[in-house]
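One letter stands for each residue in the lines below.
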Amino acid sequence: MPTTTCGYCGLEIDVDQAYEHVAEHMHERIPFVSVYNMRAALVRQVPVGQYRAEFEIADPQPPERMLFAAVRRAGGALNIPGFYPISPALARWIARRAPRWVR
Ligand SMILES: [Zn+2]
């Protein structure tokens, strides 16, 4: 069975289980750094009903340099769109500035 890498947690998963695996993440509400169109933002997924999730964008946003550092730390770059894990610095920022995003 071919495998793919989960874009959320980095786990290697069988392709035929990918949908179910990703659906599990919808309910975790984990913050990520989303990179798209050369911009970075702190986001999380919020479930809407059973099989759908929407992105919630943190407001206010952390300082850009903190977002860029997290992307670099994860081996990414602003010209590589995707979701990147938060850094310890971002985790501290979230605890201070967006406490309701802490599970
Ligand atoms: Zn995953």
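1. Things to note about the environment of Thr 3
Point 1. Among the secondary structure elements, Thr 3 is positioned in strand S1 (residues 3-5).
Point 2. Taking the C-beta count within 10 Å as the criterion, Thr 3 has 13 such neighbours and is therefore assigned partly exposed.
Point 3. Once you skip the residues sitting within four places of it in the chain, Thr 3 turns out to touch Glu 12, Ile 13, Asp 14 and Val 15.

2. What about helix H2 (residues 64-73)?
Point 1. Taken as a whole, H2 has its buried residues at Leu 67, Ala 70 and Val 71. The buried side chains of H2 occupy one side of the element, clustering within an arc of 100° when seen end-on.
Point 2. On its buried side, H2 packs onto strand S3 (31-36), strand S4 (39-48), strand S6 (82-85) and helix H3 (88-97).
Point 3. Directly after H2, the chain includes Gly 75, whose backbone phi takes a positive value near 80°.

3. Considering the packing of H2 against H3
Point 1. Axis separation between H2 and H3 bottoms out at 9 Å; the angle between their running directions is 140°. As the angle between them shows, H2 and H3 are arranged oblique. On H3, the residues that touch Met 66, Ala 69 and Ala 70 of H2 are Ala 89, Leu 90 and Trp 93.
Point 2. Residues that form the contact of H2 with H3 fall into these classes: six nonpolar, no polar and no charged.

Rules and cut-offs
Residues numbered from 1 in each chain as written. Predicted model: local features only at pLDDT ≥ 70, side-chain atom pairs only at ≥ 80, totals over all residues. Helix = DSSP H or I, 4+ residues; strand = E, 2+ residues; numbered from the N terminus. Buried ≥ 20, exposed ≤ 12 C-beta atoms within 10 Å, placed from the backbone. Contact = placed C-beta atoms within 7 Å. Arc of directions from axis to C-beta. Axes fitted to C-alpha atoms, helices over the stretch in contact; angles between N-to-C directions. Parallel < 35°, antiparallel > 145°, perpendicular 65-115°, else oblique. Nonpolar A, V, L, I, M, F, W, Y, C, P; charged D, E, K, R; others polar.

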